[in-house]
Structures are given as C-alpha cells and as structure tokens.
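Topology and contacts: notes
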Amino acid sequence: MPNNYFLQKEASDFRLRNGIGACEPIRMKSWLPKLGVMAMFKPMSDNFSGMAIKHSDYKFIIINSNHRVSKQHFTIAHEFYHLFVQKDFVYEVSNAGNFDKKNKVEYEADWFAAYLLMPEECLLSLIPKDELSKNKIELTTIIKIEQYFACSRRALLIRLDAMGLIDFDKYEKYTTGVVRSAELLGYDTTLYKPGNKGLVIGDYGAKAKKLFDNGIISESHFISLMKDIGKDIENLADDNEQEE
Amino acid sequence: MSRKNKPDILLDADVVRHFLNGSCLHKLSAIFPNRLVMLDKVKNELCRSKSLTTPITNFISHFKIPVISFPTKTEVIREYALLIKQFGEGESACMAVARFQNHYIASSNLIDIKAYCKQYNIIYYTTMDILVIAMNKKIMTEKECDEFIKDVKAKGSKLPCDTMKEYLKTKNL
C-alpha cells in the first residue's frame, strides 16, 4: 500500500470538522442528514455499489440495497470522499471496496472510507493486548470490531492487513460464513444481510411538502415527487396512533 | 352541446383527484357533457397510485372519456420539455397541448397554470369553477358542494374556501 497519510488526515479532519469523535462509530443514518446528503437505497446489480452526485450545495447518493448493510456503510463512506474531499467532483458511479490501484480516484475513495470508518487508534483499543502481534487476532475480536464499526469483514481485514497486524491471505477464509460466525457468538446479523430497500434519508420529502404547502407546486406534482422516492402518500395508513 | 361546437377540456390530475375524493367523479361528465378528454400522461400520472387505477379506469370506460396520446408535434414536445422542468408531468402536458391545440383545461393548480394560461389565452376551470357550474346546472346543490369541499379538504387537498357561500362572496357572484 502506498503512503496514504494524506487520506488518513482527510478522514481524521472529516471526523473533526463534523463533530464525530475520534473513536466513535459512524452511524450513517444519523449522519447523512446532518451532513446534508440525501441518500436513496435501491436494489441494483451486484457490480454497482453506489453513485454520488454533487451540484452546488446539493449532495445526493444512491446505495445498492442488495448489498449487505455492512458493505452499504462502506459505500457511503466511499461516496463521502467524492462529495467532501475530491476536488471539482460532479458525479461518479462507484464500485466501492475493490481497492483497485488502477483507478486512482476510486482507490483513494476506498482508503478514505477505510480510515474514516475504522480509525487506527480506535481499532487498536479494541484489540486485546495478547493479540497485538502479527496474525494473532482472533475471529471473536474481528467480529467484535466489525460489529462496533458496522463495517464489512473484508474491509476490516484489508484495514488490519494495512496496519501490519495480519496477512490478509491468512485471514481470507473468514470472509466466508460471516453470518454464521457472528450468529454463533450471539450477535445480531442485520449487518451482514441486504437491507434498506426503498429507504430514503434526507429532507427531500420535507422540501416537497413545503413547496406544496406554500402553493408553489400542485397537489399532483407533490404526489408525483413523493412517488419518485417510493412514497405513495395517497395510500398512507389512516390511523391515529399515539406514542406511548 | 356537441364535441364539435366547443373546445375539448383537458382534465388535469388534481381536478380528477378532487372529484374522486369528493365522491363526485361520476358527475363530471354531466357537468361537461361530451367535452372531457384526458391525456395519456395524466392518466399515467394518476394510475401510478395503485388505489386510483381501478376508479380512474372505470371512470374513463363508463363515461367514455377519450384518452388521447400526447402529440408528436415538435412544438408541443418542445414546450412540454420546457414546462416539465418546473411543473408536474400532467399539468405540463395539459398546458403544452392546450396552447397549441386550443383546448380548455380543467385544473385546480392555479399557481402553476394561471400565468401561463393568461399569457397564451387558454381558458381554464378550477375545481371551484366546476362546482359553480354544477350548481348553476342544478347537477349539484349548494349543500352537496359544501360536503364535497369538506371531504376533499379532509383528504389533504387544498381548496380556497370552506363553503360555496364563502367562495361566491369572494368572487362577487
């Protein structure tokens, strides 16, 4: 791996700039709206992890909901590189997590994502002392870390390899049977399964509603805009549920 | 009145939705006999909601409302392409077609269409205009119109008044 100090610094600055603690796991669903990023989760073909578009102050991403939630998190962090770090960025179709050196921008986005999701100091703090030498990290520790960071196992192993703590080849076997391995330890397995299909995060709906309420767009236009994000507001549940 | 004597009225989605929610969709055809038409784009827009597909299809078929294909004339397509940047699909289609084919529009979406219709001398009927015509033609009573307004508003739609009296007063009618 080449010298990536620049990307490490960018990832660290990103956390600092946005008030994310140095050892805090990034909860994407909470941070996306705070960062002003609108996100849509749609089923897509496997070789397509996501896409980012930036237009003046508007930032928009699409994430492949057929991918495991853990990979989706990595893809979101990857798209953050395009949206917040890359100069003069307009749009990019991504295949995050490949760490493909042939594509410089994508490669940098992958490493930025790895640094952002899994900061070194924090990673080290999660590894027991007796596992802090080459190829000593136990699978139980790996699962504990990926659960903490909500990251994919593959991304974590690549990160640990880059830190010199493991040889990826020796640990590659752990990239299969991931769900089972976590289940055996009693962890929730949502992270390892596809999810978020149809989810939209952001204030698109609120903005559309405001335009309708202010009489700037018609009712039909409002309904149509909401349908574009998969919300059929003509068929909303007509109940009066009360929060307890 | 025959279809040949007066221009066709292009039904926009909002008006259809209002009359559906006010349980008076079946009365539209009596209010404007042989004049209502619907663009395929408007039908498609309405039928994107699964719950509307059956009532809209039944309305079209029972009252023999012609569904017309969006014209292929360059000027209409160009106009539509400009309008769609700002307006919804159905209303853009109605405005573009009405401008070049001299149709009237039935649309409740005043902010969107008012200035445009004025600029190109397009005659339009809002939901409230249609209720006034329905009252004048004795197809609906004032009480029925008031019920209609109440029902439509209860479903989240916007109408300028709560009663016909209030509306007629604002219009000095």
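Residues numbered from 1 in each chain as written. Chains lettered and ligands numbered in written order. Predicted model: local features only at pLDDT ≥ 70, side-chain atom pairs only at ≥ 80, totals over all residues. Heavy atoms only, no water.

**What about the overall build of chain B?**
This is how the line gets drawn: Note on conventions: DSSP H or I runs of at least 4 residues are helices, E runs of at least 2 residues are strands, and numbering of each starts at the N terminus. Radius of gyration: over C-alpha atoms. The globule rule applied is 2.2 Å multiplied by the number of residues raised to the 0.38 power. Three exposure classes are used, based on accessible area relative to the maximum for each residue type with a 1.4 Å probe and protein chains only: buried under 20%, partly exposed in between, and exposed over 50%. Contacts are assigned to residue pairs that have any heavy atoms within 4.5 Å of one another. Areas reported here follow the Shrake-Rupley algorithm with a probe of radius 1.4 Å; residue values treat only the protein chains shown as occluding. His is not counted here, nor are the chain ends, while Lys and Arg score as positive and Asp and Glu score as negative. All charge positions are set by atom: Lys at NZ, Arg at CZ, Asp at CG, Glu at CD.
Scanning chain B from N- to C-terminus turns up 10 helices and five strands. Rg of the C-alpha trace for chain B: 16 Å, near the compact-globule value of 16 Å for 173 residues, within the 12% margin. Along the first, second and third principal axes, the C-alpha set of chain B runs to 45 × 35 × 35 Å. Within chain B, the proportion of its 173 residues that are buried is 50%. Summarising the internal contacts of chain B: among those between residues at least 6 apart in sequence, 61% fall at separations of at least 24. Split by element, the accessible area of chain B, about 8800 Å² in all, is 52% carbon and sulfur. Averaged over its 27 positive side-chain charges, chain B has a centre that lies 3 Å from the centre of its 18 negative ones.

**Description of the sheet that holds strand β5 (residues 124–125) of chain B**
Residues and elements named next belong to chain B. The cut-off we apply is this: One bridge is not enough; two strands pair if DSSP finds at least two bridges between them.
Pairing is parallel in the open sheet, where five strands are placed in the order β3-β2-β1-β4-β5. Across the chains shown, the open sheet's two edge strands, defined by having one partner strand only, are β3 (67–68) and β5. Strand direction decides the pairing type here: strand β2 (residues 36–39) and β3, joined by two bridges, are parallel. The residue of β3 that forms the bridge with Leu39 is Ile68.

**Considerations on the pattern of salt bridges**
Residues and elements named next belong to chain A. To be explicit about the condition: Whenever a carboxyl oxygen of Asp or Glu lies within 4 Å of a side-chain nitrogen of Lys or Arg, that contact is scored as a salt bridge.
If you walk through the whole model with that rule in mind, you get 12 salt bridges over all chains. With a shortest N-O distance of 3.1 Å, Lys104 and Glu108 are connected by a salt bridge. A residue pair is termed a helical-turn pair when its members lie 3 or 4 positions apart in one helix, as Lys104 and Glu108 do in helix α4 (residues 104–117) at four residues. According to the relative accessible area criterion, Lys104 is exposed, its value standing at 58%. Across the pair Lys134 and Asp167 runs a salt bridge, and its minimum N-O distance is 3.3 Å. You can see Lys134 sitting in the loop between α5 (120–126) and α6 (139–149) and its partner Asp167 sitting in the loop between α7 (153–162) and α8 (168–171), a full 33 residues away along the chain. Using a relative accessible area of 44% as the deciding quantity, one classes Lys134 as partly exposed.

**Notes on the confidence of the model for chain B**
Residues and elements named next belong to chain B. This is how it is decided: One confidence number per residue, pLDDT, is output by the predictor and ranges from 0 to 100.
Averaged over every residue, the pLDDT of chain B is 91; residues scoring 70 or more account for 95%. By mean pLDDT, the top-scoring element of chain B is β2 (97), and the lowest-scoring one is helix α7 (residues 110–119) (80). Among the prediction metrics, the complex's ipTM stands at 0.79, with pTM recorded as 0.76.

**What to know about the sheet that holds strand β5 (residues 200–201) of chain A**
Residues and elements named next belong to chain A. A sheet is described by the order of its strands in space; here five strands give the open sequence β4-β2-β3-β1-β5, paired in mixed fashion. Each edge of the sheet is formed by a strand with only one pairing partner; in this case those strands are β4 (91–94) and β5. Where strand β1 (residues 37–42) meets strand β3 (residues 58–64), six bridges bridge the pair, whose relative direction is parallel. From the neighbouring strand, Val37 faces β3, where its bridge partner is Lys59.

**Comments concerning the environment of Ala22 of chain A**
Residue and element names in this part refer to chain A. Turning to its location among the elements, Ala22 is positioned in the loop between α1 (5–17) and α2 (28–34). Between the C-alpha atoms of Ala22 and Met118, which are 96 residues apart in sequence, the distance is 9.6 Å. When near neighbours in sequence (up to four residues on either side) are disregarded, Ala22 contacts Arg15, Pro119 and Cys122.

**With respect to the interface of chain A and chain B**
Convention followed: When two components associate, each loses some accessible surface as probed by a 1.4 Å sphere; the sum of these losses over both components is called the buried area. The term polar contact refers here to a pair of N or O atoms within 3.5 Å; inside protein, the definition further demands a hydrogen-donor-capable atom paired with an acceptor-capable atom, and it admits residues adjacent in sequence only when both atoms are side-chain atoms. In this classification, the charged set is Asp, Glu, Lys and Arg, the nonpolar set is Ala, Val, Leu, Ile, Met, Phe, Trp, Tyr, Cys and Pro, and all remaining amino acids, among them Gly, are polar.
Each partner contributes to the interface: chain A provides 17 residues, whereas chain B provides 20 residues. Buried area between chain A and chain B, both sides added, is near 1400 Å², and the carbon and sulfur share of it is 35%. Our count for the chain A to chain B interface comes out at one salt bridge. For Arg48 of chain B, the salt bridge is made with Asp228 of chain A, and the minimal N-O distance between the two is 3.0 Å. Joining chain A to chain B, the criterion identifies 13 residue pairs in polar contact (both at pLDDT 80 or more). When contributions to the side of chain A that touches chain B are tallied by element, the ones reaching two or more residues are α10 (204–213) and α11 (219–228) of chain A. Take the side of chain A that touches chain B: its biggest share by element is seven residues, from α11 of chain A. Partitioning the side of chain A that touches chain B into residue classes produces four nonpolar, seven polar and six charged.

**Remarks on unusual backbone geometry**
The phi torsion at Phe99 of chain A lies on the positive side, around 45 degrees, for a residue other than glycine. Looking at the element boundaries, Phe99 of chain A is found in the loop between β4 and α4. Accessibility expressed as a relative area gives 12% for Phe99 of chain A, which makes it buried. In the Ramachandran plot, Ser23 of chain B falls in the positive-phi region, its phi being about 55 degrees despite a non-glycine side chain. Locating Ser23 of chain B in the fold gives a position in the loop between α1 (13–21) and α2 (25–31).

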